[in-house]
Amino acid sequence: MRFIPVTCEEQAEMLARVGARSVDELFSDIPEDARLARPLTLPEPMSEIALAAHLESLAGRDLDGSRVVSFLGAGIYDHYVPAIVDAVVSKPAFFTAYTPYQPEVSQGTLQAVYEFQSMICQLTGMEVSNASMYDGAAAFTEAALMAARVTKRDKVVVSGAVHPEWRETLATYVESGTLEVVEVPAAGGVTDVSAVGEALDERTAAVLVSSPTFYGTLEDLASLGALAHDAGALFVVATDPLLLGVLEPPAAYGADIVVGEGQALGNAVSFGGPGLGLFACRKAHIRQMPGRVAGKTTDVDGRTGFVLTFSTREQHIRREKATSNICSNHALNALAAGVYLAAVGAEGLAGIGEACVAKAHYLEAALVGTGHFERVFDAPFAREFALRYGGDVAAMQRHMLERGFLAGVDLGRFAADDAGFVLFAVTERHTREVLDRFVEEVSAL
Amino acid sequence: MSTFSNAGGSAEVPMHEPLTGTLIFERGAAESRCVEAPPLDVPAVSLDAVLGGRARSVPPALPHVTEVDIARHYEHLASANFGVDSGFYPLGSCTMKYNPKIDEQACRLPGFARIHPYQPEETVQGALELMWGLQEALAEVAGLPVVTLQPAAGAHGELTALLTIRAYHTANGDPRAKVLVPDSAHGTNPATVAMCGYQVVQIPSDERGGVDLEALRAALDTDVAALMLTNPNTVGLFDENILAITEAVHAVGALAYCDGANLNAIMGKSRPGDMGFDAMHINLHKTFATPHGGGGPGAGPVAVTEPLASYLPGPLVARDGEMFTLSTPEHSIGRVRSFLGNFGVLVRAYTYIRAVGGEGLREISEQAVLSANYLKALLEDAWPVAYDRTCMHEFVMSGGPLRKATGVRTLDVAKRLLDYGIHPPTVYFPLIVEEALMVEPTETEGKATLDRFAAVLRLIAEEAQADPDLLHGAPYTTPVRRLDEAAAVKNADLAWRPEDVEA
């Protein structure tokens, strides 16, 4: 395939106008020793028909959600994506646009961002949301860094019940010693509240927790928030936006910064990315917030319009003094999230959340009832739960895969202490018939 | 003034409703619904009981709309937007090339869109083979053997590479404190340096637009961890001294990092690895035609030399006979994000590379450079070019003389271009050029488009002479006109709230 419209004849005219004898002459600034004297060694170009067949063949080798019953979650969820979502994000005027630096011809993007920010504020109860981050891990990490700037302190206390890949990302970012991270181990699938209390001191910038936790359990956010605030630290809560139709918003527990992975809102599972990082905070802290934000204003004729604002926090203006190096965000995924939330509304979101919770509890009770799984945590859960399997997890998962089920996430892959634990995620897509069939197969183990 | 013709209508019944300004929250009615939850087929639960008293008491104020409300709303918003499919988008340094439609189809195949990152490797061999193929292709284009696809964007790639370099120095028992960044660099470079806990040392450019070699040599010492350099650089020039630069960097034990924002100029012509760079990031959303999405998602894979490879973040895809597996390098800096990267973006870039092949990539760079030089030749008598040399895929003009002569600023010129249906070039960057206009036509524009752009810019220069106020007031034909950015900060209206409506 070829995406160059200039013809050979035009190319000759262009060269003549430039005053060059050949295209190669235009590359004469490249020193001889830095030139590539051979063709790139890459596969031959393909026609569109051949390429489409090749891609279908590759994709066909993957066991996708339409051909298997999956209970995998752990941060990425296979919720139903309404048709209207893809219809909107497929509009070229949205997906082929750049960052809205020329607001007069970017009102579509900018208004959609403002509406997205508004919806995230409504969901979380916070005053301000940015236009998105890369993913939940990036938002979580940036929240720790922001808390240090806000409080001018240099240590954070992180719950061991937060997604291990998020904790690992934070550790990578602060490796240079800019921030000390103290991890408080989980106890019973939730944060050990008394251990948090012991870890807090006058250097602590923030307490960072996740509810639901990585284990699907719900934290005692009220106690954790009070502890953080008593120590003069910020309270950072990672949330699951899809459940905020049924769960109290983090702001109700005093959260100062709310982060989350927003993929579940209208975005494909897509092997884990791109989803989007959610980031919301108090208005008082906006000048320390990372990422872009859209604001409402008026044009010279008095018409309502939207612009990127508070840009003096950002790298293109502040350079090394910026609040973050983030430039590109996940705008198109945020657009999908906004369309999704508009499509389901508060009632749909509550209904979907309720379906997830009811089905998860139905499955959990049934699995425990088979005698092959054992309840390990007392804390309440929403749409995801961990159980201890009585036998070899890997062998069980292989056995169930042969029967058309991806039987949860083996938590032993993340921590030796969690060996034997299996994490099951349930969404509104799982019908009772499918759940019963799975339980039947488990009973036969 | 109105942007629409008003041959009819009245104050109460305008002929055209504005496309934007009415929020989705203000559409529909309280009973409007679009997507509802399916009927519950398992026993209902008491939410407050099973959630341990955490059930939501007040529902979030989300829109109440029907599907047709949503379809119209976003269609109106889209029509107030400008994308590559709308028209010429010569936004320098951003490589706003055409985004092939097959890429969009590819990433939506169920075998790519509905697979989970924690599935067993044997159930995702197609996806892993695609990632492996992309790693191999990017390594070949970069001239650097090992690639991680993890970073989500260019700035994220910069961070990943600098942390990798930091780990390398630390492992050698030689931690260093400074990173050199030219004054022409993107803002992300110094911001990344600061995030990695390094000190930024700015290096001036010389009068030919390249790195000032003397200043560089003076700044280099054994406390320098790396030089971050965009090459071709942000004024669109290939640094003729590149080999001397990387040699000088290596001479003090520092590493050379290439910001790959401008890779579209050199594919198949020259490779950063062959220039002496140790690491680079590649913006798939620039060079490899994945769409910008109104600000993202992008992807910023990082390519490195063998000595740096064992520090890369995991996981990487490896080939083991006929099987593709995930693994994390031995001395890995750890994760820089969750899961496996922006896979949907990776699918698009892979599709693009397989569509055009190696010779196609070379042809793309050749045309991108020819088109930029052609446009420069058409314009240089009316618009002074910052550096009068053969450029690569972009060039920078200065609006300084025009401002002096007429009071018309580059900002005014940019806004006037909107009236002609053209997206403006990048303005006021790089910072080292007064009233800068940075033009990157890309290879996917035809000659007629370039000719018209040149004619329009020449006309705008004439308009500036004849009637500066015309330009100060531009644009006139866009859905909204110049917006009050100061008021946006002052009012800080960053979210709609139901209480504003009730008030």
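Computed from a prediction, not measured in an experiment: that's the story for all the values here.

> Sorry if this is basic, but what is going on with the overall build of chain A here?
A count of helices and strands for chain A gives 13 helices and 17 strands. Sequence separation of 24 or more characterises 70% of the internal contacts of chain A that already satisfy a separation of 6 or more. Summing over all exposed atoms, chain A offers an accessible surface of approximately 14,400 Å²; the carbon and sulfur share of this is 50%.

> Explain the overall build of chain B here, please?
Looking only at helices and strands, chain B has 18 helices and 12 strands in total. Its C-alpha atoms give chain B a radius of gyration of 26 Å, within 12% of the compact-globule value 23 Å for 503 residues. Along the first, second and third principal axes, the C-alpha set of chain B runs to 75 × 75 × 45 Å. Long-range contacts, defined here as pairs at least 24 residues apart, represent 70% of the contacts in chain B between residues at least 6 apart. Summed over its atoms, the accessible surface of chain B is roughly 16,200 Å², and 51% of this surface lies on carbon and sulfur atoms. Here chain B contributes 37 positive and 62 negative side-chain charges, whose respective centroids are spaced 1 Å apart.

> Is there a simple way to think about the state of the cysteines in this case?
Put plainly, two cysteines are in a disulfide when a covalent bond ties their sulfur atoms together. Residues and elements named next belong to chain B. Scanning the entire structure with this criterion turns up zero disulfides over all chains. The closest cysteine sulfur to the non-disulfide-bonded cysteine 391 is located on cysteine 94, 16 Å from its own sulfur. You can call cysteine 391 buried: its relative accessible area is 1%.

> Explain empty space enclosed by the protein here, please?
The probe, sized like a water molecule, is rolled over the atoms to show the empty space still left. All names here are of chain A. Counting across every chain of the model gives 10 cavities of 30 Å³ or more. Estimates place the volume of the largest cavity at around 260 Å³. Along the walls of the largest cavity sit 21 residues, with Gly75, Tyr77, Ser210, Pro212 and Asp240 positioned nearest its centre. Across the lining of the largest cavity, the residue classes tally to 10 nonpolar, seven polar and four charged. In this structure, the lining of the largest cavity is formed jointly by two domains, domain 2 (69-81 + 346-443) and domain 3 (83-339), each of which donates at least three residues.

> Looking at this structure, how should I read the domain arrangement of chain B?
Bring the parts together and some accessible area is lost; that lost area is often taken as the interface size. All names here are of chain B. What the domain assignment reports for chain B is domain 1 (102-356) and domain 2 (362-487). On the side of domain 2, 21 residues touch domain 1, which itself brings 27 residues to the contact. Regarding the contact of domain 1 and domain 2, the summed buried area is about 1,900 Å², with carbon and sulfur atoms giving 60% of it. With a closest N to O distance of 2.7 Å, glutamate 366 and lysine 269 form a salt bridge. The interface formed by domain 1 and domain 2 contains 11 residue pairs in polar contact (both at pLDDT 80 or more).

> What's the story with the packing of aromatic side chains in this structure? I'm lost.
We describe a pair of aromatic rings using the distance from one ring centre to the other and the angle between the two ring planes. The final tally for this structure, using the stated rule, is 27 aromatic pairs over all chains. Aromatic side chains phenylalanine 214 of chain A and phenylalanine 414 of chain A sit 5.2 Å apart centroid to centroid with 80° between the ring planes, which places their arrangement in the edge-to-face category. Of this pair, phenylalanine 214 of chain A sits in the loop between strand S7 (204-210) and helix H9 (221-230) while phenylalanine 414 of chain A sits in the loop between strand S16 (409-410) and strand S17 (421-425), and the two are 200 residues apart along the sequence. By way of ring pairs, the aromatic residues Phe71, Phe373, Phe381, Phe385, Tyr389, Phe405, Phe424 and Phe438 of chain A are connected into one cluster. Over the ring of tryptophan 132 of chain B we find arginine 319 of chain B; its NZ or CZ atom is 4.9 Å from the centre of that ring.

> Got a minute to help me understand the pairing of strand S4 (residues 224-230) of chain B in this structure?
The side chains of a regular strand alternate between the sheet's two faces. Residue and element names in this part refer to chain B. Counting buried positions along S4 gives seven out of seven residues, so the element sits mostly inside the fold. Note: strand S2 (residues 178-182) against S4, three bridges, orientation parallel. Note on S4: the bridge partner recorded for leucine 180 is leucine 227. Two strands pair when backbone bridges link them, and S4 and strand S5 (residues 255-259) are joined in this way by five bridges, in the parallel orientation.

> Explain the side chain of glutamine 397 of chain A here, please?
Residues and elements named next belong to chain A. Checked against the element boundaries, glutamine 397 lands in helix H12 (residues 393-402). Under the relative-accessibility criterion, glutamine 397 is labelled buried at 18%. Apart from the residues lying within four places of it in its own chain, the contact partners of glutamine 397 are Ala407, Gly408, Val409, Asp410 and Val422.

> Please explain the sheet that holds strand S11 (residues 426-427) of chain B as it appears in this structure.
In a beta sheet, neighbouring strands pair by backbone hydrogen bonds and run either parallel or antiparallel. Residues and elements named next belong to chain B. The three strands are arranged S10-S12-S11 in an open sheet whose pairing can be described as antiparallel. The outermost strands of the open sheet, each flanked by one partner alone, are strand S10 (395-398) and S11. Both S10 and strand S12 (residues 436-439) contribute to a ladder of four bridges, which runs antiparallel. Across the sheet, valine 396 pairs through a bridge with methionine 438, a residue of S12. In the packing of helix H12 (residues 343-379) onto the sheet, contacts are made with S10 and S12, and the angle to S10 comes to roughly 20°.

> How should I be thinking about the environment of aspartate 256 of chain A in this particular structure?
Residue and element names in this part refer to chain A. Among the structural elements, aspartate 256 can be located in the loop between strand S8 (234-239) and strand S9 (257-261). A relative accessible area of 5% means that aspartate 256 is categorised as buried. Setting aside chain neighbours within four positions, we find aspartate 256 in contact with Met126, His229, Ala233, Leu234, Phe235, Ala280, Cys281 and Arg282. Only 2.7 Å separates the side chain of aspartate 256 from the side chain of histidine 229, close enough to count as a polar contact.

> Could you clarify how one ought to interpret the nonpolar core in this entry?
Nonpolar side chains in soluble globular proteins tend to end up buried together. Core analysis: the biggest nonpolar cluster contains 121 residues, and Leu284, Phe288, Leu361 and Leu375 of chain B have the highest contact counts within it. At 19 residues, the largest contribution of residues to this core is made by H12 of chain B. Sequence-distant contacts of leucine 361 of chain B, that is, excluding residues within four places in its chain, are made with Leu40 and Leu42 of chain A together with Val141, Met267, Phe288, Tyr352 and Val356 of chain B. Judged by nonpolar contacts, the second largest core, of 80 residues, contains Phe94, Leu244, Ala294 and Ala343 of chain A.

> It is not clear to me how helix H7 (residues 188-195) of chain B should be interpreted in this structure. Could you clarify?
Helical geometry: 3.6 residues make up each α-helical turn, so side chains three or four residues apart lie on a common side. All names here are of chain B. A large share of H7 lies buried, amounting to seven of its eight residues. Turning to H7, its buried residues number three or more, namely Thr188, Asn189, Pro190, Ala191, Thr192, Val193 and Met195. Just downstream of H7 lies glycine 197, where phi reads positive at about 80°.

> Help me understand the pattern of salt bridges in this model?
When charged atoms on two side chains of opposite charge get close, those side chains can pair. Residue and element names in this part refer to chain B. Scanning all chains against the criterion turns up 58 salt bridges over all chains. With a closest N to O distance of 3.7 Å, arginine 217 and glutamate 214 form a salt bridge. Linking arginine 217 with glutamate 214, this pair stays in helix H8 (residues 213-219), spanning three residues, or about one helical turn. You can call arginine 217 partly exposed: its relative accessible area is 42%. The class of glutamate 214 is exposed, set by a relative accessible area of 56%. Between arginine 409 and glutamate 435 there is a salt bridge, with its nearest N and O atoms 3.5 Å apart. Here arginine 409, found in the loop between helix H13 (400-406) and helix H14 (410-419), pairs with glutamate 435, found in the loop between S11 and S12; they are 26 residues apart in sequence, far enough to count as distant. What makes arginine 409 partly exposed here is its relative accessible area of 31%.

> Is there a simple way to think about the interface of chain A and chain B in this case?
Taken together, the 189 residues of chain A in the interface contact 198 residues of chain B. For the pair chain A and chain B, the two sides together bury roughly 16,700 Å², of which 63% comes from carbon and sulfur. At the boundary of chain A and chain B, one finds 15 salt bridges. For the salt bridge of glutamate 75 of chain B with lysine 91 of chain A, the shortest nitrogen-to-oxygen distance reads 2.5 Å. The tally of links between chain A and chain B comes to 96 residue pairs in polar contact (both at pLDDT 80 or more). Broken down by element, the residue count for the side of chain A that touches chain B peaks at 24 residues, all from helix H11 (residues 331-369) of chain A. Looking at side-chain class alone, the side of chain A that touches chain B contains 96 nonpolar, 48 polar and 45 charged residues.

The rules behind the values
- Residues numbered from 1 in each chain as written.
- Chains lettered and ligands numbered in written order.
- Predicted model: local features only at pLDDT ≥ 70, side-chain atom pairs only at ≥ 80, totals over all residues.
- Heavy atoms only, no water.
- Helix = DSSP H or I, 4+ residues; strand = E, 2+ residues; numbered from the N terminus.
- Contact = heavy atoms within 4.5 Å.
- Areas by Shrake-Rupley, 256 points an atom, 1.4 Å probe, with all protein chains shown as cover.
- Rg over C-alpha atoms; globule rule 2.2 N^0.38 Å.
- Lys, Arg positive; Asp, Glu negative; His and termini not counted.
- Charge placed at Lys NZ, Arg CZ, Asp CG, Glu CD.
- Disulfide = S-S within 2.5 Å.
- Buried < 20%, exposed > 50% of the residue type's maximum accessible area, 1.4 Å probe, protein only.
- 1 Å grid on protein atoms, 1.4 Å probe; cavity = no way out; pocket = protein on both sides within 12 Å on 5 of 7 lines; lining within 4 Å.
- Points joined across faces, edges and corners; volume = space filled by probe spheres on them.
- Nonpolar A, V, L, I, M, F, W, Y, C, P; charged D, E, K, R; others polar.
- Domains from an automatic or database assignment.
- Buried area = accessible area lost by both parts, 1.4 Å probe.
- Salt bridge = Lys/Arg side-chain N within 4 Å of Asp/Glu carboxyl O.
- Polar contact = N/O pair within 3.5 Å; in protein donor to acceptor, adjacent residues only side chain to side chain.
- Phe/Tyr/Trp six-rings, centres within 6.5 Å; stacked < 30°, edge-to-face > 60°.
- Lys NZ or Arg CZ within 6 Å of the ring centre and 35° of its normal.
- Pairing = 2+ DSSP bridges.
- Axes fitted to C-alpha atoms, helices over the stretch in contact; angles between N-to-C directions.
- Core = buried A, V, L, I, M, F, W, Y, C linked by side-chain atoms within 4.5 Å.

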